[in-house]
Amino acid sequence: MLKNNIVVDIKELSKKYKIYAKPHHRLLEWITLGNLKKHTDFWALRDVSFSVSEGECIGIIGHNGAGKSTLLKILSKALYPSHGSMKVKGNMVSLLELGTGFNPELTGLQNIFTSGKLLGFSDEYLNAKLTSILEFSELGDFIHQPVKSYSSGMYVRLAFSLYASLDPDIYVVDEALSVGDIFFQQKCFDFLQKLKANGAAIILVTHDMQSVKKYCDRVIILNNGKVTNEGSPLEMVNLFYSSNGKNLAGQQLEGELIEISSNGIVGIDIPEESKHNIQNAVGIRRGDGKVRIIGAIFCDSDGKEARTANTGDNLTLSIYSEIIENVDDLAFTFQMSDRHNTVVFGQNSYMINKNILSARKGNIIKASFKIEMNLFQGLYTVMVGATDCQTEVSNKIYDTIEGCMTLEIMKPEWRSFHGVAFMKSTFEIEGTNRTEGIHRNEVKYARQ
Ligand SMILES: Nc1ncnc2c1ncn2[C@@H]1O[C@H](COP(=O)(O)OP(=O)(O)OP(=O)(O)O)[C@@H](O)[C@H]1O
């Protein structure tokens, strides 16, 4: 029996895969009935424990290879665990389970009934739900075609429509939701919202941090097959971004920070998070070392570290550096790049104020850019640097560090636009007085 209102209780779940160096090693092992051991064991999940309560939405996040899909397959009963237990109170349906359960030779309609029955729903129940399933799928006459002729988007539409029309107690939701066009995705997310409002328990396994923040009550981070952290969505998403796959679970950071010399400018506090960002940078570091960057951080208007922002928010990017040798032509720089690694914006301090900075050995400098984040929603990586400034294009690089931070831009509800950048725009229309219905009108984008 599960305690109180717990509907899923997972205890010490582990999954071991056998890794074979060569394909024929599997066969060798098989024909020798296992007497000749040719594999090594790989634990994709190790002692994973968590529980989900009625009405709770729990998010499971992790970097590539963390074990999310393996966990998802176990939850969907597509894989057996090697150890551990999974207790479920009520009916649990997974999108993955639904999609993989389709028979490619059967039509969409036939699959609705065969899959529904496999999940324990009767013909009467499925008949009663049929109209809503068909409407939700928007597949029209394609519902009478074999699913082997469906595109991946149509396949997910069918699976999700069936999924959305059943009323299980627990839903397992995964990345498949992000397939399909934006409108169908919106419909699916509206549905999730409704589910949550109706009090269903949800397990959301995803890379999509926006969904995690929007829907989850609690988040678990998986790292190398283990649960390393558990907490509030905001806390866990920030930790996930700042970790870059490393240093989770409070592990000690490697390396020592440069000793800050005592003749630096008094009173500059270097936030710990800014030092971590530099130490955990995943990109290339270049420079002759005359200036050494020791911290970089985005802060919101309250001075708190920002890992996410809405389009149009003002953030301050502070770069902390130590001057190793005297320099008389110093400028600070930053660049933001999108997920295709296209630089969407970059600037240096000389471009902004034409000031050439001189700095003496041992100085500690904090350089801050105030930036209006007029970017489209998405994830961006950040490069920071200290260079010379003889021209607007730098000649000398003292220190530049790529990939030291990520910033996720989210779309605020009051502002909608297309493209990569937001440009302030107004709209006017003029007509003659005789044409009724056309009025001089001015529309401005403004926070409502
Ligand atoms: N069938 C398999 N045989 C051997 N190793 C496997 C198998 N499936 C997964 N793995 C390994 O198990 C680990 C976890 O994989 P899994 O696919 O569960 O991670 P994930 O968190 O879903 O990753 P991603 O975000 O990239 O999809 C990886 O190192 C992967 O290479």
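Residues numbered from 1 in each chain as written. Predicted model: local features only at pLDDT ≥ 70, side-chain atom pairs only at ≥ 80, totals over all residues. Heavy atoms only, no water.

**Digging into the overall build of the chain**
Phase 1: Of regular secondary structure, the chain possesses 11 helices and 21 strands.
Phase 2: A total of 448 residues make up the chain; the buried ones form 44% of that total.
Phase 3: Restricting to contacts in the chain with at least 6 residues of sequence separation, those with at least 24 account for 70%.
Phase 4: Surface summary for the chain: the accessible area is close to 24,000 Å², and the carbon and sulfur share equals 51%. (Helix = DSSP H or I, 4+ residues; strand = E, 2+ residues; numbered from the N terminus. Buried < 20%, exposed > 50% of the residue type's maximum accessible area, 1.4 Å probe, protein only. Contact = heavy atoms within 4.5 Å. Areas by Shrake-Rupley, 256 points an atom, 1.4 Å probe, with all protein chains shown as cover.)

**Focus: the site of the ligand**
Phase 1: Residues in close proximity to the ligand total 13 residues, the closest being G65, G67, K68, S69 and T70.
Phase 2: A distance of 3.0 Å is found between an oxygen atom of the ligand and a backbone nitrogen or oxygen belonging to A66.
Phase 3: Taking T70, its side chain carries an N or O atom lying 2.6 Å from an oxygen atom of the ligand.
Phase 4: Calculation on the ligand without its partners gives an accessible area of 630 Å², and the protein chains cover 62% of this total.
Phase 5: Within the residue set of the shell around the ligand, elements represented by two or more residues are β1 (6-20), β2 (39-53) and α2 (68-75).
Phase 6: The leading source of residues in the shell around the ligand is α2, at three residues. (Near = heavy atom within 4 Å. Polar contact = N/O pair within 3.5 Å; in protein donor to acceptor, adjacent residues only side chain to side chain.)

**Observations concerning the confidence of the model for the chain**
Phase 1: Looking at the chain, the pLDDT average stands at 81 and 83% of residues meet or exceed 70.
Phase 2: Mean pLDDT values for the elements of the chain range from 44 in strand β21 (residues 441-444) up to 95 in strand β11 (residues 291-299).
Phase 3: Segment residues 245-266: pLDDT under 50, and 40 contacts once partners within four positions in sequence are set aside and those in other chains are kept.
Phase 4: Per-residue pLDDT stays below 50 along residues 440-448; that stretch engages in 19 contacts with residues further than four places along the chain or on separate chains. (pLDDT = per-residue confidence, 0-100.)

**Some words on the sheet that holds strand β13 (residues 314-323)**
Strands in a sheet are paired, the pairing made by backbone hydrogen bonds, and the direction either parallel or antiparallel.
Phase 1: The antiparallel open sheet is built from three strands, whose spatial order is β11-β13-β17. Both outer strands of the open sheet, β11 and β17 (364-372), are each paired with one neighbouring strand and no more. Averaged over all adjacent pairs, the angle separating strand axes in this sheet is 20°, with direction ignored.
Phase 2: In this sheet, β13 lies alongside β11 in antiparallel orientation, the contact comprising eight bridges. Each bridged residue has a counterpart across the sheet, and for F298 the counterpart in β13 is L317.
Phase 3: Against the sheet, helix α10 (residues 272-279) contacts β11 and β13, and its axis sits at roughly 120° relative to β11. (Pairing = 2+ DSSP bridges. Axes fitted to C-alpha atoms, helices over the stretch in contact; angles between N-to-C directions.)

**Section: unusual backbone geometry**
Most of the time, phi is negative for any residue but glycine, and the peptide bond is trans.
Phase 1: Although it is not a glycine, D47 adopts a positive phi angle of roughly 50°.
Phase 2: You can see D47 is positioned in strand β2.
Phase 3: Although it is not a glycine, N224 adopts a positive phi angle of roughly 50°.
Phase 4: When you line up the elements, N224 lands in the loop between β8 (218-223) and β9 (226-231).
Phase 5: According to the relative accessible area criterion, N224 is exposed, its value standing at 63%.

**Looking at the pattern of salt bridges**
Phase 1: Evaluation of the coordinates by the stated rule reveals 13 salt bridges.
Phase 2: Of the charged contacts, one joins D9 and K11 as a salt bridge, the two residues approaching to 3.0 Å between their closest N and O atoms.
Phase 3: For D123, the salt bridge is made with K117, and the minimal N-O distance between the two is 3.6 Å.
Phase 4: Judged by relative accessible area, which is 45%, K117 ranks as partly exposed.
Phase 5: Ionic contacts of the salt-bridge type, sharing partners, join the residues E56, R218 and E230 into one network. (Salt bridge = Lys/Arg side-chain N within 4 Å of Asp/Glu carboxyl O.)

**Re the sheet that holds strand β6 (residues 170-173)**
Phase 1: The strand order across the open sheet built from six strands is β5-β6-β7-β3-β8-β9, with neighbouring strands paired in mixed fashion. Edge strands, defined here as strands with exactly one partner in the open sheet, are β5 (92-94) and β9. Taken over all neighbouring pairs, the strand axes of this sheet differ in orientation by 20° on average, direction set aside.
Phase 2: Pairing between β5 and β6: three bridges, direction parallel. Paired with M92 across the two strands is I170, which belongs to β6.
Phase 3: Along the sheet, helix α6 (residues 152-165) contacts β5 and β6; its crossing angle with β6, the most-contacted strand, is approximately 160°.

**A few points about the environment of N355**
Phase 1: In this structure, N355 sits in the loop between α11 (349-353) and β16 (357-359).
Phase 2: Taking the C-alpha atoms as reference, N355 lies 8.1 Å from A331; in sequence the two are 24 residues apart.
Phase 3: Apart from the residues within four sequence positions on either side, N355 is in contact with L330, Y350 and C389.

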